[in-house]
Amino acid sequence: MNYLKLFFKDKKAAVGSGMLLFFVFIAIFAPYIAPYSPTYMGFTPMEASSWKHLLGTTANGQDVFSQIIWGTRISLVVGLIVGALTTVISVVIGFLAGYFPGVIDEILNLLTNVFLIIPGLPLMIVLAAYMPSRGMWTIIFVITVTGWAWGARVLRPQVMSLKSREFVNASVVVGEGSFHIIFYDILPNTAGLIAANFFGSAIYGVLSEAGLEFIGLGNANAISWGTILYWAQNDQALFFDLWGWLLVPGLLIALLGMSFALMNFAVDEITN
C-alpha cells in the first residue's frame, strides 16, 4: 500500500499514468471520437489534409485520422497483454529456478540462456513469417515467446538471495511449505522487480507489434498503428506529401512507449 502511495506521488509515475489513461480513453471511446468508420472507402483517395480529413485519406479512400483513433485499441491491447504474459512466464521460471536448486534450476537456467543468446528480432521475424495464421494473437504469441527470458534472468538471483534471508529461514523452522514461503515471504519483496518487468515488457510489446506490422508480418487488414505505417509506406505517403499519415502513428507509438518507460523509471526509483 505504501508503494502505491509513493508511486502516485512520483512525478514520472503521474505523467506516465496520465499518458496511459489518455490512450485508454481514446481506445474505449474510439467510436465516438473518430469522425468516420476506419474501413469506409468512399472518400477521394490520397486526399491532402483538410478540415474534413485532418490527416488526409489513404489510397483506398479511408480517413487516416479515424484509422489512427481506432488503431489505438490493438496497439494498446497488445502492449498490455504482452506485458502481462511475459511477466507471468518470467515470474514462474525465475522463481522456480531461484528457489529449487539442482536439476530444476539447471534446466530452466539453460532454457533461459538459450532464449537470451538467440537475437530477439530475427527470431520474432522467423516465427511470425512461418506461423500458419496472422493476426493480433499470433503477434502476441511471437512477442511473448521471445521476450520473457530477460525478466526470468533478473528474478532468479533475487529469489536466490531472498531465500537465504532470516525471515525465510524462520518460516522454514516453523514448518511453512514452499508455497507459503514463495507467495507470502519472497513474492512481496520482489514486487518492484515484477512491476518493472511488466512495464519493460509492455514497451517491448508495443514496439515489436509496430515493427512486425510495419514489415508486413501481421494482418494487413487490421487497424493498428503498425498497419497504418505499413500502408503509408506501401502507398508512398511521403511522395504525395501526406506526412501526417506516417508521422502521427509513429509519434503515438513513441508516446505510448514513453508512458510505460516513465512508470518503469518511477518503480525503479521507489523500490531502490
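Computed from a predicted structure; not experimentally measured.

> Describe the nonpolar core, and please don't skip the residues or the numbers.
Membership of the largest hydrophobic core comes to 33 residues, with the highest contact counts inside it found for Phe7, Ile68, Trp225, Trp245, Leu256 and Phe260. Secondary-structure elements contributing two or more residues to this core are helix H2 (11-28), helix H4 (64-99), helix H11 (191-214), helix H12 (225-234) and helix H13 (243-271). Sort the elements by how many residues they give to this core and H13 lands first, with 11 residues. Those residues within four positions of Trp245 in sequence are excluded, and the remaining contacts are Met46, Thr57, Thr58, Ala59, Val64, Ile228, Trp231, Ala232, Asp235 and Ala237. Counting residues in each nonpolar core, the second largest holds 12 residues, with Val78, Met124, Ala128 and Ile140 among its members.

> Any chance you could break down the packing of H11 against H13 for me, citing the residues and the numbers?
The contact between H11 and H13 brings their axes to 9 Å, and the two run at 165°. Classified by the interaxial angle, the pair formed by H11 and H13 is roughly antiparallel. Crossing of H11 against H13: the hand is left-handed. Facing H11, whose interface residues are Gly192, Ala195, Ala196, Phe199, Gly200, Ala202, Ile203, Val206, Leu207 and Ala210, H13 presents Ile253, Leu256, Gly257, Phe260, Ala261, Met263, Asn264, Val267 and Thr271. Across the contact of H11 with H13, the residue classes break down as 14 nonpolar, five polar and no charged.

> A description of the packing of aromatic side chains should follow, citing residues and the corresponding values.
How two aromatic rings sit relative to each other is set out by the distance from centre to centre and by the angle between their planes. Within the structure shown, the criterion is met by 12 aromatic pairs. With a centroid separation of 5.1 Å and 80° between ring planes, the pair formed by Tyr40 and Phe43 is classed as edge-to-face. Tyr40 gets classed as partly exposed once you look at its relative accessible area, which sits at 46%. Judged by relative accessible area, Phe43 falls into the buried class, the value being 13%. Here the basic side chain of Lys163 rests over the ring of Tyr99, its NZ or CZ set 4.9 Å away from the ring centre.

Thresholds, definitions, all that
Residues numbered from 1 in each chain as written. Predicted model: local features only at pLDDT ≥ 70, side-chain atom pairs only at ≥ 80, totals over all residues. Heavy atoms only, no water. Core = buried A, V, L, I, M, F, W, Y, C linked by side-chain atoms within 4.5 Å. Buried < 20%, exposed > 50% of the residue type's maximum accessible area, 1.4 Å probe, protein only. Helix = DSSP H or I, 4+ residues; strand = E, 2+ residues; numbered from the N terminus. Contact = heavy atoms within 4.5 Å. Axes fitted to C-alpha atoms, helices over the stretch in contact; angles between N-to-C directions. Parallel < 35°, antiparallel > 145°, perpendicular 65-115°, else oblique. Left-handed = near helix turned anticlockwise from the far one by under 90°. Nonpolar A, V, L, I, M, F, W, Y, C, P; charged D, E, K, R; others polar. Phe/Tyr/Trp six-rings, centres within 6.5 Å; stacked < 30°, edge-to-face > 60°. Lys NZ or Arg CZ within 6 Å of the ring centre and 35° of its normal.

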